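Notes for the structure review
These are the residues of each chain, in order.
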Amino acid sequence: MPPIVCSAQASYKKLPGLLELTDSYLQWTKAGDKAPVVKVPHAEAASLSRSKVGAPQVRLKIGLLSDEAGHNFTFTSPQPVALAERDKFEAELTNIIARNRAGALQTVPAPTKAFQAATPATPAPTTPAHGSALGTPMRPPSSRPSMSRAVSVASDARASGTPVGGDATTDFRLRKKVLLSNPELAQLHRELVMGGHISENEFWEGREHLLLAQAAAENQKRGKPGQLVDPRPTSVDGEVKIVITPQLVHDIFEEFPIVARAYSDNVPAKLSEAEFWSRYFQSRLFNAHRASIRSSAAQHVVKDDPIFDKYLEKDDDELEPRRLREERVDTFIDLGATSVDHEETGNERDITMQAGKQKAVLPLIRKFNEHSTRLLDTALGGPAAKRRRIDDGEPEHYAQLDLEDLHDNQASSGIVLDMQDRQRYFDGRANGAGNGDDGVHVDFREALQQSKASTEGWSSNLAQLRIERKAGDAALVSMTQNVASRLDVKQRKHDIPEGLFRQMTTCQTAANEFLRQFWLAIYPPGNESQALSTATPAQKAAKAAKMIGYLGKTHEKVEALVGAAHREGVDPARVQVAMKPILDAVNKAQDFWRLKNAKAPGAR
């Protein structure tokens, strides 16, 4: 039997059982059975997701290469134990999935041979690495793959389809999610890619930012809530109660370790779980943990409790804190700061905001400081003293304000200027510089005197300045008319038939995509580091010629739309006005292409 890495009590399809992770498989065995019902090889693990923070059930879902739906497991142990068990499984499975993706990157060039097979015969089951017969059969390829899909997979063999460096499976999943979240883009994809007009990679070229945003959204983990744990009573059926959830219990144990210690010492030996929480919320210990100033009235409401009073600590309201921290509290979150942070005004203490004037506030200040510091350490990884890097001698708070995410990306190399007779241009400039003098000499003293003379009497001139109101009034009237016309268009009833309007939208969207593909083939992309693939000049020229051929049919489509509008009783001029901008753009692209071919060497 292979060694077990970790195990936990978990239910699968509402049936109790045991979930185990070995060095070869993730397996689940139903309670009372000996053979596992679910057995997933490590090589099949593709994705991992978990239930939200605060969810009543602790769940873990694993997606497979052969089945994106995968398997859902619910951990059935008590909430704190279940969370720890899930975190252990999640850490181990994350490493396994990372190894699978790293191995997939080295085997990506192989799919081109798979698409050369002409028969859709079902392949034999694959054999796992440890020789088990429980292999997962591969999916048979589609018997009629479209040409655009085949070209896309072949191009993915040359370069990854996503700019995030994922494998082919991740590429397909990201594109699918982007299309599902954008119905208009999905419609365009169906018309152009599924229609065989352009290939899959051509469609996504220039839309790498959508894939990057989707990948970033999936990899982003939700941080810990910043609110201090402070349960508030609510009214339930006329009674004042505190609703206890598993997440609230987890947060209380994490924020106040003394409560976790009291729970471990007394449940279930001395108290049941219900009795423990009922007595805790009426005890002095809970009142000491409240995120508010403890008034004398609250002191009389709470009850003495022989169990919880043993865990009480003296209020931390002395001038010096009870627990001295190894690293000082960050400047931006320290509520007890008493020095002026602005060095230009001096370093005198700010007596108006001095901490400790009200003794009851000191415990809250220190509690909030500890909570804020713990949040920063969790989010940024490690104590502030280890994160602090001041290489240039700047003050600490100035260095923290320098956020890397706000820096402008200056890595763009620009667009190379394509000049005709470049050598003759530079030779002419060199000859002109050699024949002329060294340059015009400027007397800086005289230039300075002229500048001073031109600014004399500027205050009196400024006082005499009178701005005509005609230009401002004309601009205001123009803007008002513009807003009124826009409002009139929005309020006017849309009387174009739905079918004709859909055809106009489809024609305009398709022409826009062909124009985008054409100009991408003519000019380099704005950010070449995110380009899907690098095409040769010959491939770009062929692509541009192909797009010009599609654009040449735009005028015929618009004429057909004008005829359809006339037959349906719609003013044809409205269709012509609506389609004029796209026709102008098409005409510009066609004129550019004709001029480019006329200047090409060997052109007639």
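Residues numbered from 1 in each chain as written. Predicted model: local features only at pLDDT ≥ 70, side-chain atom pairs only at ≥ 80, totals over all residues. Heavy atoms only, no water.

- The name an unreviewed UniProt entry assigns to the chain is BSD domain-containing protein, from the organism Lentinus brumalis.
- Taken verbatim from the UniProt record of the chain, the Sequence similarities (unreviewed entry) comment is "Belongs to the TFB1 family."
- In its Subcellular location (unreviewed entry) section, the UniProt entry covering the chain states "Nucleus". (UniProt positions renumbered as here; feature names shortened; annotations may be inferred.)

1. What about the nonpolar core?
- Of all hydrophobic cores here, the largest spans 42 residues; its most connected members are Phe203, Leu500, Phe514, Phe518 and Met579.
- Among the elements of the structure, helix H4 (168-181), helix H5 (183-192), helix H6 (200-204), helix H7 (208-219), helix H20 (498-522), helix H21 (537-551), helix H22 (554-567) and helix H23 (572-599) are those that each provide at least two residues to this core.
- Sorting elements by how many residues they give to this core places H20 first, with ten residues.
- No fewer than three residues from each of domain 2 (182-219) and domain 4 (498-524 + 535-599) sit in this core. (Core = buried A, V, L, I, M, F, W, Y, C linked by side-chain atoms within 4.5 Å. Buried < 20%, exposed > 50% of the residue type's maximum accessible area, 1.4 Å probe, protein only. Helix = DSSP H or I, 4+ residues; strand = E, 2+ residues; numbered from the N terminus. Domains from an automatic or database assignment.)

2. Digging into the pairing of strand E2 (residues 15-22)
- Of the pairings in the sheet, the one linking strand E1 (residues 4-12) to E2 comprises eight bridges and is antiparallel in character. Bridge assignment links Ser11 to a residue of E2, and that residue is Pro16.
- Hairpin connection between E1 and E2: a loop of two residues separates the two successive antiparallel strands, and Lys13 in this loop has a positive phi of roughly 55°.
- Sheet analysis places E2 next to strand E3 (residues 25-30), joined by five bridges and oriented antiparallel. (Pairing = 2+ DSSP bridges.)

3. Examining the side chain of Thr29
- Summarising the element assignment, Thr29 is placed in strand E3.
- Residue classification places Thr29 among the buried positions, given a relative accessible area of 10%.

4. As for unusual backbone geometry
- Between Val267 and the following residue, Pro268, the backbone shows a cis peptide bond with an omega angle of 0°.
- Along the chain, Pro268 turns up in the loop between helix H9 (257-266) and helix H10 (273-280).
- Within the chain, Lys13 stands out as a residue other than glycine whose phi angle is a positive 55°.
- Along the chain, Lys13 falls in the loop between E1 and E2.
- In the Ramachandran plot, Lys14 falls in the positive-phi region, its phi being about 65° despite a non-glycine side chain.
- Within the secondary structure layout, Lys14 lies in the loop between E1 and E2.
- Of the residues examined, Lys14 reaches a relative accessible area of 80% and is grouped as exposed.

5. Description of the packing of H4 against H7
- Two numbers describe how H4 lies on H7: the axes approach to 9 Å, and their chain directions differ by 100°. Comparing their axes, H7 and H4 come out roughly perpendicular. In contact with Arg173, Leu174, Arg175, Lys177 and Val178 of H4, H7 contributes Leu210, Leu211, Gln214, Ala215 and Glu218.
- Its residues assigned to classes, the contact of H4 with H7 comprises five nonpolar, one polar and four charged. (Axes fitted to C-alpha atoms, helices over the stretch in contact; angles between N-to-C directions. Parallel < 35°, antiparallel > 145°, perpendicular 65-115°, else oblique. Contact = heavy atoms within 4.5 Å. Nonpolar A, V, L, I, M, F, W, Y, C, P; charged D, E, K, R; others polar.)

6. Details of the pairing of strand E7 (residues 71-75)
- Summarising burial for E7: four of the five residues are buried, a large majority.
- Of the strand pairs in this sheet, strand E6 (residues 58-64) and E7 are connected by five bridges, and their pairing is antiparallel. In the strand pairing of E7, Ile62 is matched with His71.
- What sits between E6 and E7 in their antiparallel hairpin is a turn of six residues, with Gly70 showing a positive phi close to 65°.

7. Structural notes on H5
- Where H5 is concerned, the buried positions are Leu185, Ala186, Leu188, His189 and Leu192. End-on view of H5: buried residues confined to an arc of 160°, all on one side of the axis. What points out from H5, more than 90 degrees from its buried face, is the exposed set Pro183 and Glu184.
- Buried residues along H5 sit in contact with H4, H6, H7 and H20. (Arc of directions from axis to C-beta.)

8. Quick notes on a nonpolar patch on the surface
- Taken together, the side chains of Trp458, Leu462, Leu465 and Ile467 present a nonpolar region at the surface, about 520 Å² in accessible area.
- Leu465 gets classed as exposed once you look at its relative accessible area, which sits at 51%. (Patch = residues over 30% accessible without salt bridge, like charges linked within 9 Å, V, L, I, M, F, W, Y side chains within 5 Å. Areas by Shrake-Rupley, 256 points an atom, 1.4 Å probe, with all protein chains shown as cover. Salt bridge = Lys/Arg side-chain N within 4 Å of Asp/Glu carboxyl O.)

9. Quick look at the sheet that holds E7
- Read across the sheet, seven strands follow the order E4-E3-E2-E1-E7-E6-E5 without closing on themselves; strand pairing throughout is antiparallel. A single partner strand is all that each edge strand has here, and the edge strands are strand E4 (38-41) and strand E5 (45-50). The average undirected angle you get between the axes of adjacent strands in this sheet is 30°.
- Sheet analysis places E3 next to E4, joined by four bridges and oriented antiparallel. Considered in E4, the bridge of Gln27 is made with Lys39.

10. Looking at the pattern of salt bridges
- According to the stated counting rule, one finds 15 salt bridges in the structure shown.
- A salt bridge links Arg50 to Glu90; its shortest N-O distance comes to 3.0 Å. Taken together, the positions of Arg50 in strand E5 and Glu90 in helix H1 (residues 79-106) put the pair 40 residues apart, joining distant regions of the chain.
- Taking relative accessible area as the criterion, Glu90 reaches 18% and is therefore assigned buried.
- Of the charged contacts, one joins Glu205 and Lys543 as a salt bridge, the two residues approaching to 3.1 Å between their closest N and O atoms. Of this pair, Glu205 sits in the loop between H6 and H7 while Lys543 sits in helix H21, placing them 338 residues apart in sequence.
- The exposure class of Glu205 is partly exposed, given its relative accessible area of 21%.
- Here the residues in one salt-bridge network are Arg50, Asp87 and Glu90, joined through shared partners.

11. Overview of the packing of aromatic side chains
- Scanning the model with the defined rule gives 22 aromatic pairs in all.
- With centroids separated by 5.3 Å and ring planes inclined at 90°, the aromatic side chains of Tyr263 and Phe276 adopt a geometry described as edge-to-face. With Tyr263 in helix H9 and Phe276 in helix H10, this residue pair connects regions lying 13 residues apart in the sequence.
- Between the aromatic rings of Tyr280 and Phe286, the centroid separation amounts to 5.5 Å while the plane-to-plane angle is 70°, which identifies the pairing as edge-to-face. Each member of the pair, Tyr280 together with Phe286, is buried.
- Ring-pair connections join several aromatic residues into one group, and the members of that group are Phe253, Tyr263, Phe276, Trp277, Tyr280, Phe281, Phe286 and Phe308.
- Directly above the ring of Tyr25 sits Lys39, whose terminal nitrogen or CZ lies 4.5 Å from the centroid. (Phe/Tyr/Trp six-rings, centres within 6.5 Å; stacked < 30°, edge-to-face > 60°. Lys NZ or Arg CZ within 6 Å of the ring centre and 35° of its normal.)

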